[in-house]
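Letter by letter, the chains look like this.
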Amino acid sequence: MSVLVTGGAGYIGSHTVAELLTRGEEVVVLDSLQTGHRGAVLVEYYYQGDVRDTDLLQRVFTDHEIEAVIHFAASSLVGESVTDPLKYYDNNVVAVQRLLAAMNRHGVKQIVFSSTAATYGEPLRTPIEEEDPTEPTSPYGETKLAIEKMLAWCDRAYGIKSVSLRYFNAAGAHPDGWIGEDHQPETHLIPIILQVALGQREHVAIFGDDYPTEDGTCIRDYIHVMDLAQAHYLALQRLRSSGESGIYNLGNGTGFSVKQVIEKCREVTGHPIPSVVSPRRPGDPAVLIASSQKAKRELGWTPRYADLGTIIESAWNWHRRHPLGFGGGTGGSR
Ligand code: NAD
Ligand code: UDP
(Lines give C-alpha, C1' and ligand atoms only; values in the text may rest on other atoms or scores of the structure.)
(Ligands and ions follow the chains in the order given, each with its own letter.)
Protein backbone atom coordinates (compact mmCIF):
# COMPACT_ATOMS: atom_id res chain seq x y z
CA MET A 1 0.00 0.00 0.00
CA SER A 2 1.27 3.48 -0.86
CA VAL A 3 0.70 7.05 0.21
CA LEU A 4 0.07 9.44 -2.68
CA VAL A 5 1.69 12.83 -2.03
CA THR A 6 0.52 15.60 -4.36
CA GLY A 7 2.84 18.60 -4.42
CA GLY A 8 5.60 16.36 -3.06
CA ALA A 9 8.27 18.32 -4.96
CA GLY A 10 7.36 21.55 -3.17
CA TYR A 11 8.81 23.01 0.00
CA ILE A 12 6.72 21.35 2.71
CA GLY A 13 5.85 18.36 0.51
CA SER A 14 9.48 17.38 -0.13
CA HIS A 15 10.35 17.50 3.58
CA THR A 16 7.28 15.38 4.37
CA VAL A 17 8.23 12.86 1.68
CA ALA A 18 11.69 12.61 3.28
CA GLU A 19 10.06 12.01 6.68
CA LEU A 20 7.67 9.37 5.28
CA LEU A 21 10.55 7.50 3.62
CA THR A 22 12.50 7.54 6.89
CA ARG A 23 9.45 6.01 8.56
CA GLY A 24 9.39 3.20 6.01
CA GLU A 25 6.33 4.35 4.04
CA GLU A 26 5.95 3.63 0.33
CA VAL A 27 5.42 6.96 -1.40
CA VAL A 28 4.08 7.99 -4.81
CA VAL A 29 4.58 11.66 -5.75
CA LEU A 30 2.43 13.63 -8.20
CA ASP A 31 3.64 17.15 -8.97
CA SER A 32 3.31 19.53 -11.94
CA LEU A 33 6.53 21.34 -10.96
CA GLN A 34 4.73 24.65 -11.39
CA THR A 35 6.51 25.79 -8.22
CA GLY A 36 8.30 22.61 -7.12
CA HIS A 37 11.66 21.07 -7.98
CA ARG A 38 12.34 17.59 -9.32
CA GLY A 39 15.61 17.51 -7.37
CA ALA A 40 13.71 17.87 -4.09
CA VAL A 41 12.29 14.34 -4.19
CA LEU A 42 14.12 11.05 -4.18
CA VAL A 43 11.32 8.55 -4.81
CA GLU A 44 10.91 5.59 -7.10
CA TYR A 45 7.36 6.47 -8.14
CA TYR A 46 7.10 9.98 -9.49
CA TYR A 47 4.49 11.41 -11.88
CA GLN A 48 4.96 14.83 -13.40
CA GLY A 49 1.51 16.19 -14.08
CA ASP A 50 -1.46 18.12 -12.81
CA VAL A 51 -3.88 17.03 -10.09
CA ARG A 52 -6.70 18.42 -12.24
CA ASP A 53 -5.85 15.90 -14.99
CA THR A 54 -8.48 13.20 -14.41
CA ASP A 55 -6.86 10.75 -16.86
CA LEU A 56 -3.58 11.04 -14.99
CA LEU A 57 -5.34 10.52 -11.63
CA GLN A 58 -7.00 7.43 -13.08
CA ARG A 59 -3.57 6.09 -14.10
CA VAL A 60 -1.97 6.78 -10.72
CA PHE A 61 -4.81 5.18 -8.77
CA THR A 62 -4.79 2.17 -11.13
CA ASP A 63 -1.01 1.69 -11.18
CA HIS A 64 -0.69 1.79 -7.38
CA GLU A 65 -2.62 0.51 -4.43
CA ILE A 66 -3.13 3.89 -2.77
CA GLU A 67 -4.09 3.74 0.88
CA ALA A 68 -4.16 7.48 1.63
CA VAL A 69 -3.45 10.85 0.04
CA ILE A 70 -1.50 13.80 1.43
CA HIS A 71 -2.48 16.84 -0.60
CA PHE A 72 0.00 19.73 -0.67
CA ALA A 73 -0.47 20.82 -4.31
CA ALA A 74 -1.91 24.33 -4.43
CA SER A 75 -1.33 27.91 -5.36
CA SER A 76 -0.50 29.76 -2.18
CA LEU A 77 0.38 33.43 -2.67
CA VAL A 78 -2.05 35.66 -0.79
CA GLY A 79 -1.38 38.75 -2.93
CA GLU A 80 -1.68 36.90 -6.25
CA SER A 81 -4.96 35.36 -5.09
CA VAL A 82 -6.43 38.85 -4.69
CA THR A 83 -5.50 39.86 -8.24
CA ASP A 84 -6.28 36.48 -9.84
CA PRO A 85 -8.89 34.71 -7.68
CA LEU A 86 -10.05 32.35 -10.45
CA LYS A 87 -6.57 30.80 -10.63
CA TYR A 88 -6.98 29.93 -6.94
CA TYR A 89 -10.49 28.52 -7.23
CA ASP A 90 -9.26 26.41 -10.15
CA ASN A 91 -5.91 25.15 -8.83
CA ASN A 92 -7.12 24.73 -5.26
CA VAL A 93 -10.86 23.98 -5.19
CA VAL A 94 -11.33 22.33 -8.61
CA ALA A 95 -8.19 20.24 -8.09
CA VAL A 96 -9.48 18.86 -4.77
CA GLN A 97 -12.92 18.16 -6.26
CA ARG A 98 -11.24 16.02 -8.97
CA LEU A 99 -8.90 14.38 -6.49
CA LEU A 100 -11.77 13.44 -4.15
CA ALA A 101 -13.81 12.11 -7.08
CA ALA A 102 -10.88 9.88 -8.08
CA MET A 103 -10.38 8.76 -4.48
CA ASN A 104 -14.06 7.92 -4.24
CA ARG A 105 -14.00 5.94 -7.50
CA HIS A 106 -11.04 3.92 -6.23
CA GLY A 107 -12.28 3.45 -2.66
CA VAL A 108 -9.50 5.54 -1.07
CA LYS A 109 -10.89 6.86 2.21
CA GLN A 110 -8.14 8.89 3.87
CA ILE A 111 -6.69 12.31 3.09
CA VAL A 112 -4.44 14.77 4.90
CA PHE A 113 -4.92 18.30 3.63
CA SER A 114 -2.62 21.39 3.77
CA SER A 115 -4.78 24.12 5.21
CA THR A 116 -3.57 27.42 6.60
CA ALA A 117 -3.80 30.10 9.28
CA ALA A 118 -5.19 32.27 6.45
CA THR A 119 -8.57 30.56 7.02
CA TYR A 120 -8.98 32.68 10.18
CA GLY A 121 -8.42 36.12 8.67
CA GLU A 122 -7.99 38.84 11.32
CA PRO A 123 -8.20 36.87 14.58
CA LEU A 124 -10.39 38.01 17.47
CA ARG A 125 -8.04 36.58 20.11
CA THR A 126 -4.55 35.14 20.58
CA PRO A 127 -3.55 32.33 20.56
CA ILE A 128 -6.02 31.15 17.94
CA GLU A 129 -7.95 27.94 18.57
CA GLU A 130 -9.52 25.75 15.92
CA GLU A 131 -13.08 26.67 16.91
CA ASP A 132 -12.44 30.42 16.52
CA PRO A 133 -14.25 32.26 13.69
CA THR A 134 -12.98 31.72 10.16
CA GLU A 135 -13.29 34.92 8.11
CA PRO A 136 -10.57 34.77 5.42
CA THR A 137 -9.32 38.10 4.09
CA SER A 138 -8.08 36.68 0.76
CA PRO A 139 -9.27 34.33 -1.99
CA TYR A 140 -6.38 32.05 -0.99
CA GLY A 141 -7.80 31.64 2.53
CA GLU A 142 -11.33 31.32 1.10
CA THR A 143 -10.32 28.46 -1.20
CA LYS A 144 -8.64 26.58 1.67
CA LEU A 145 -11.73 27.04 3.87
CA ALA A 146 -13.98 25.92 1.00
CA ILE A 147 -11.88 22.75 0.70
CA GLU A 148 -12.14 22.05 4.43
CA LYS A 149 -15.92 22.29 4.05
CA MET A 150 -15.88 20.10 0.93
CA LEU A 151 -13.96 17.50 2.94
CA ALA A 152 -16.55 17.58 5.73
CA TRP A 153 -19.39 16.97 3.27
CA CYS A 154 -17.44 14.17 1.57
CA ASP A 155 -16.94 12.52 4.96
CA ARG A 156 -20.72 12.50 5.48
CA ALA A 157 -21.57 11.38 1.97
CA TYR A 158 -18.77 8.96 1.05
CA GLY A 159 -17.04 8.19 4.34
CA ILE A 160 -13.79 9.86 3.18
CA LYS A 161 -11.97 10.79 6.40
CA SER A 162 -9.73 13.82 6.45
CA VAL A 163 -7.27 15.67 8.63
CA SER A 164 -6.86 19.35 7.74
CA LEU A 165 -3.67 20.87 9.11
CA ARG A 166 -3.74 24.64 9.45
CA TYR A 167 -0.08 25.60 9.30
CA PHE A 168 1.12 28.94 10.59
CA ASN A 169 4.48 30.18 9.15
CA ALA A 170 6.53 27.30 7.77
CA ALA A 171 10.28 27.92 7.94
CA GLY A 172 13.63 26.14 8.18
CA ALA A 173 15.10 23.27 6.22
CA HIS A 174 16.01 19.61 6.50
CA PRO A 175 18.67 19.13 9.23
CA ASP A 176 20.96 17.48 6.65
CA GLY A 177 20.75 20.63 4.50
CA TRP A 178 20.02 18.79 1.23
CA ILE A 179 16.51 20.21 0.75
CA GLY A 180 15.08 23.55 1.79
CA GLU A 181 12.91 26.45 0.72
CA ASP A 182 13.23 27.64 -2.89
CA HIS A 183 10.27 29.67 -4.13
CA GLN A 184 10.51 31.71 -7.34
CA PRO A 185 9.83 34.50 -6.69
CA GLU A 186 10.52 34.29 -2.96
CA THR A 187 7.95 36.12 -0.83
CA HIS A 188 8.56 34.64 2.64
CA LEU A 189 10.32 36.66 5.29
CA ILE A 190 13.11 34.34 6.49
CA PRO A 191 14.49 33.30 3.06
CA ILE A 192 14.34 36.94 1.93
CA ILE A 193 16.36 38.05 4.96
CA LEU A 194 18.89 35.27 4.32
CA GLN A 195 19.20 36.36 0.69
CA VAL A 196 20.39 39.73 2.07
CA ALA A 197 22.98 37.89 4.17
CA LEU A 198 24.11 36.08 1.01
CA GLY A 199 24.55 39.38 -0.82
CA GLN A 200 21.69 38.62 -3.24
CA ARG A 201 19.59 41.58 -2.02
CA GLU A 202 20.70 44.91 -0.61
CA HIS A 203 18.15 45.05 2.17
CA VAL A 204 14.96 43.53 3.51
CA ALA A 205 11.80 45.61 3.34
CA ILE A 206 9.81 45.70 6.57
CA PHE A 207 6.16 45.77 5.52
CA GLY A 208 4.79 48.32 7.99
CA ASP A 209 6.00 49.43 11.41
CA ASP A 210 2.73 51.02 12.55
CA TYR A 211 0.88 47.87 13.62
CA PRO A 212 -0.54 47.69 17.16
CA THR A 213 2.37 45.53 18.40
CA GLU A 214 5.25 46.37 20.74
CA ASP A 215 7.72 47.36 17.98
CA GLY A 216 5.04 48.15 15.38
CA THR A 217 5.84 45.21 13.08
CA CYS A 218 3.71 42.11 12.42
CA ILE A 219 3.97 39.13 14.71
CA ARG A 220 3.94 35.57 13.38
CA ASP A 221 4.31 32.04 14.72
CA TYR A 222 7.19 30.28 12.90
CA ILE A 223 7.11 26.50 12.72
CA HIS A 224 9.92 24.26 11.50
CA VAL A 225 9.16 22.41 8.27
CA MET A 226 10.35 19.09 9.80
CA ASP A 227 7.87 19.55 12.65
CA LEU A 228 5.18 19.99 10.02
CA ALA A 229 6.46 16.84 8.32
CA GLN A 230 6.19 14.94 11.60
CA ALA A 231 2.59 16.18 12.01
CA HIS A 232 1.64 14.78 8.59
CA TYR A 233 2.93 11.36 9.53
CA LEU A 234 1.01 11.50 12.83
CA ALA A 235 -2.15 12.65 11.02
CA LEU A 236 -1.84 9.65 8.74
CA GLN A 237 -1.45 7.38 11.76
CA ARG A 238 -4.53 8.91 13.36
CA LEU A 239 -6.59 8.28 10.23
CA ARG A 240 -5.33 4.70 10.16
CA SER A 241 -6.08 4.01 13.83
CA SER A 242 -9.12 6.09 14.78
CA GLY A 243 -10.52 6.84 11.36
CA GLU A 244 -11.82 10.20 12.57
CA SER A 245 -11.72 13.47 10.70
CA GLY A 246 -10.31 16.59 12.35
CA ILE A 247 -8.86 20.08 11.95
CA TYR A 248 -5.62 21.06 13.70
CA ASN A 249 -3.51 24.20 14.06
CA LEU A 250 0.25 23.75 13.74
CA GLY A 251 2.44 26.43 15.27
CA ASN A 252 4.76 26.88 18.23
CA GLY A 253 2.46 29.18 20.19
CA THR A 254 5.12 31.93 20.37
CA GLY A 255 5.07 35.05 18.25
CA PHE A 256 8.02 36.95 16.81
CA SER A 257 7.86 40.37 15.20
CA VAL A 258 9.44 41.07 11.81
CA LYS A 259 12.13 43.13 13.58
CA GLN A 260 12.83 40.30 16.04
CA VAL A 261 13.20 37.82 13.17
CA ILE A 262 15.64 40.14 11.39
CA GLU A 263 17.64 40.55 14.61
CA LYS A 264 17.79 36.77 15.12
CA CYS A 265 19.00 36.36 11.51
CA ARG A 266 21.75 38.91 12.21
CA GLU A 267 22.85 36.81 15.21
CA VAL A 268 22.83 33.56 13.23
CA THR A 269 24.57 34.86 10.10
CA GLY A 270 26.85 37.54 11.58
CA HIS A 271 25.72 39.84 8.74
CA PRO A 272 24.40 43.37 9.45
CA ILE A 273 21.30 42.77 7.23
CA PRO A 274 20.13 46.30 6.43
CA SER A 275 16.37 46.87 6.57
CA VAL A 276 14.11 49.56 5.15
CA VAL A 277 10.65 50.33 6.48
CA SER A 278 8.15 50.10 3.64
CA PRO A 279 4.36 50.35 3.32
CA ARG A 280 2.13 47.64 4.79
CA ARG A 281 1.40 44.63 2.59
CA PRO A 282 -2.37 44.46 2.00
CA GLY A 283 -4.16 41.65 3.83
CA ASP A 284 -1.54 41.11 6.57
CA PRO A 285 -3.12 40.64 10.02
CA ALA A 286 -1.06 42.24 12.85
CA VAL A 287 -0.67 39.10 14.96
CA LEU A 288 -1.06 35.38 14.12
CA ILE A 289 -0.20 32.93 16.88
CA ALA A 290 -1.48 29.36 17.08
CA SER A 291 -2.71 27.33 19.94
CA SER A 292 -1.59 23.81 18.96
CA GLN A 293 -2.82 22.09 22.10
CA LYS A 294 -5.31 20.03 20.10
CA ALA A 295 -2.59 18.62 17.81
CA LYS A 296 -0.41 17.82 20.81
CA ARG A 297 -3.27 16.13 22.64
CA GLU A 298 -4.92 14.22 19.81
CA LEU A 299 -2.07 13.56 17.38
CA GLY A 300 0.70 13.22 19.98
CA TRP A 301 2.61 15.96 18.12
CA THR A 302 5.80 17.19 19.81
CA PRO A 303 7.70 19.86 17.86
CA ARG A 304 11.45 19.16 17.97
CA TYR A 305 12.77 22.43 16.52
CA ALA A 306 10.63 25.02 18.31
CA ASP A 307 13.41 27.54 18.98
CA LEU A 308 13.50 30.38 16.42
CA GLY A 309 17.33 30.41 16.37
CA THR A 310 17.36 26.69 15.52
CA ILE A 311 14.80 27.22 12.76
CA ILE A 312 16.86 30.04 11.23
CA GLU A 313 20.14 28.10 11.59
CA SER A 314 18.70 25.21 9.59
CA ALA A 315 17.43 27.59 6.89
CA TRP A 316 20.83 29.33 6.80
CA ASN A 317 22.58 25.97 6.45
CA TRP A 318 20.46 25.22 3.36
CA HIS A 319 20.78 28.68 1.77
CA ARG A 320 24.53 28.87 2.33
CA ARG A 321 25.09 25.46 0.79
CA HIS A 322 22.66 26.11 -2.08
CA PRO A 323 22.71 29.87 -2.75
CA LEU A 324 20.87 29.35 -6.04
CA GLY A 325 18.43 26.85 -4.55
CA PHE A 326 17.67 23.82 -6.69
CA GLY A 327 18.41 25.91 -9.81
CA GLY A 328 22.09 25.89 -8.87
CA GLY A 329 22.22 22.22 -9.69
CA THR A 330 23.43 21.29 -6.21
CA GLY A 331 20.03 21.22 -4.48
CA GLY A 332 18.79 17.76 -3.69
CA SER A 333 22.28 16.30 -3.47
CA ARG A 334 22.97 14.92 -0.03
P1 NAD B 1 5.14 24.99 -2.79
O2 NAD B 1 4.68 25.92 -3.85
O3 NAD B 1 6.58 24.91 -2.48
O4 NAD B 1 4.61 23.53 -3.09
C5 NAD B 1 3.44 23.24 -3.81
C6 NAD B 1 3.76 22.10 -4.76
O7 NAD B 1 2.54 21.73 -5.44
C8 NAD B 1 4.76 22.51 -5.84
O9 NAD B 1 5.72 21.49 -5.98
C10 NAD B 1 3.91 22.65 -7.11
O11 NAD B 1 4.65 22.37 -8.27
C12 NAD B 1 2.80 21.64 -6.84
N13 NAD B 1 1.53 21.94 -7.51
C14 NAD B 1 0.81 23.09 -7.45
N15 NAD B 1 -0.34 22.96 -8.14
C16 NAD B 1 -0.33 21.70 -8.66
C17 NAD B 1 -1.24 20.96 -9.44
N18 NAD B 1 -2.39 21.50 -9.88
N19 NAD B 1 -0.94 19.70 -9.78
C20 NAD B 1 0.23 19.13 -9.35
N21 NAD B 1 1.13 19.78 -8.60
C22 NAD B 1 0.84 21.05 -8.25
O23 NAD B 1 4.31 25.39 -1.47
P24 NAD B 1 4.59 25.04 0.06
O25 NAD B 1 5.06 26.27 0.71
O26 NAD B 1 5.33 23.78 0.16
O27 NAD B 1 3.09 24.79 0.53
C28 NAD B 1 2.52 23.50 0.47
C29 NAD B 1 1.08 23.58 0.90
O30 NAD B 1 1.02 24.13 2.22
C31 NAD B 1 0.21 24.46 0.03
O32 NAD B 1 -1.04 23.84 -0.09
C33 NAD B 1 0.10 25.75 0.83
O34 NAD B 1 -1.11 26.42 0.54
C35 NAD B 1 0.14 25.24 2.25
N36 NAD B 1 0.65 26.19 3.25
C37 NAD B 1 1.92 26.66 3.19
C38 NAD B 1 2.41 27.53 4.16
C39 NAD B 1 3.83 28.05 4.16
O40 NAD B 1 4.21 28.78 5.10
N41 NAD B 1 4.65 27.71 3.19
C42 NAD B 1 1.56 27.94 5.21
C43 NAD B 1 0.25 27.45 5.24
C44 NAD B 1 -0.18 26.56 4.26
N1 UDP C 1 7.37 40.49 5.58
C2 UDP C 1 8.15 41.63 5.51
N3 UDP C 1 9.02 41.75 4.46
C4 UDP C 1 9.15 40.80 3.48
C5 UDP C 1 8.35 39.63 3.59
C6 UDP C 1 7.47 39.52 4.65
O7 UDP C 1 8.06 42.52 6.35
O8 UDP C 1 9.94 40.98 2.56
C9 UDP C 1 6.45 40.32 6.72
C10 UDP C 1 5.00 40.13 6.32
O11 UDP C 1 4.35 41.37 6.20
C12 UDP C 1 4.46 39.30 7.48
C13 UDP C 1 5.68 38.50 7.95
O14 UDP C 1 6.82 39.18 7.41
O15 UDP C 1 4.07 40.13 8.52
C16 UDP C 1 5.67 37.06 7.44
O17 UDP C 1 5.44 37.10 6.04
P18 UDP C 1 5.56 35.81 5.12
O19 UDP C 1 5.29 36.25 3.72
O20 UDP C 1 6.83 35.12 5.41
O21 UDP C 1 4.41 34.85 5.65
P22 UDP C 1 2.81 35.10 5.81
O23 UDP C 1 2.63 35.63 7.20
O24 UDP C 1 2.38 36.04 4.74
O25 UDP C 1 2.26 33.74 5.64
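Heads up: these notes are all about the structure in this document. (Residues numbered from 1 in each chain as written. Chains lettered and ligands numbered in written order. Predicted model: local features only at pLDDT ≥ 70, side-chain atom pairs only at ≥ 80, totals over all residues. Heavy atoms only, no water.)

**Things to note about the packing of helix H2 (residues 54-63) against helix H4 (residues 85-105)**
Where H2 meets H4, the axes come as close as 10 Å, and the angle between the chain directions of the two elements is 35°. In this structure, H2 meets H4 at a crossing whose hand is right-handed. For the pair H2 and H4, the contacting residues are Thr54, Leu57, Gln58 and Phe61 in the first and Arg98, Leu99, Ala102, Met103 and Arg105 in the second. Of the residues that constitute the contact of H2 with H4, the class distribution is five nonpolar, two polar and two charged. (Axes fitted to C-alpha atoms, helices over the stretch in contact; angles between N-to-C directions. Helix = DSSP H or I, 4+ residues; strand = E, 2+ residues; numbered from the N terminus. Left-handed = near helix turned anticlockwise from the far one by under 90°. Contact = heavy atoms within 4.5 Å. Nonpolar A, V, L, I, M, F, W, Y, C, P; charged D, E, K, R; others polar.)

**As for the site of ligand 2**
Lining the immediate surroundings of ligand 2 are 14 residues, of which Leu189, Ala205, Arg220, Arg281 and Asp284 lie closest. Here Phe207 contributes a backbone N or O atom positioned 2.9 Å from an oxygen atom of ligand 2. Within the side chain of Arg281, one N or O atom sits 2.7 Å away from an oxygen atom of ligand 2. Starting from 510 Å² of accessible surface for ligand 2 in isolation, the protein chains cover 88%. Where the shell around ligand 2 is concerned, the elements lending two or more residues are helix H6 (189-197) and strand S8 (204-207). (Near = heavy atom within 4 Å. Polar contact = N/O pair within 3.5 Å; in protein donor to acceptor, adjacent residues only side chain to side chain. Areas by Shrake-Rupley, 256 points an atom, 1.4 Å probe, with all protein chains shown as cover.)

**Thoughts on the site of ligand 1**
Around ligand 1, a shell composed of 29 residues is seen, among which Asp31, Thr35, Asn91, Tyr140 and Lys144 lie nearest. Interatomic distance of 2.8 Å between a backbone N/O atom of Ile12 and an oxygen atom of ligand 1. Here an oxygen atom of ligand 1 and a side-chain polar atom of Lys144 are 2.7 Å apart. Relative to its unbound accessible area of 820 Å², ligand 1 is 96% covered by the protein chains. Elements represented by at least two residues in the shell around ligand 1 include exactly helix H1 (11-22), strand S5 (110-116) and helix H5 (139-158). Taken together, the residues of the shell around ligand 1 sort by class into 12 nonpolar, 13 polar and four charged.

**Brief notes about the sheet that holds strand S9 (residues 219-220)**
Read across the sheet, three strands follow the order S12-S9-S14 without closing on themselves; strand pairing throughout is mixed. Strands at the two margins of the open sheet, each flanked by one partner only, are strand S12 (256-257) and strand S14 (287-288). Looking at chain direction, S9 and S12 are connected through two bridges and run antiparallel. Within S12, the position partnered with Arg220 by the bridge is Phe256. (Pairing = 2+ DSSP bridges.)

**Overview of the packing of aromatic side chains**
Under the defined criterion, the tally for this structure stands at three aromatic pairs. Consider the rings of Tyr120 and Phe168, whose centres lie 6.4 Å apart with planes at 35°: the pair is tilted. With Tyr120 in the loop between S5 and H5 and Phe168 in the loop between strand S6 (161-167) and strand S7 (169-171), this pair connects stretches of sequence that are 48 residues apart. Per residue, the accessibility class of Tyr120 equals that of Phe168, and both read buried. Cation over ring: Arg280 sits above Tyr211, and NZ or CZ is 3.9 Å from the ring centre. (Phe/Tyr/Trp six-rings, centres within 6.5 Å; stacked < 30°, edge-to-face > 60°. Buried < 20%, exposed > 50% of the residue type's maximum accessible area, 1.4 Å probe, protein only. Lys NZ or Arg CZ within 6 Å of the ring centre and 35° of its normal.)

Spatial relationships are all this shows, so hold off on functional conclusions.
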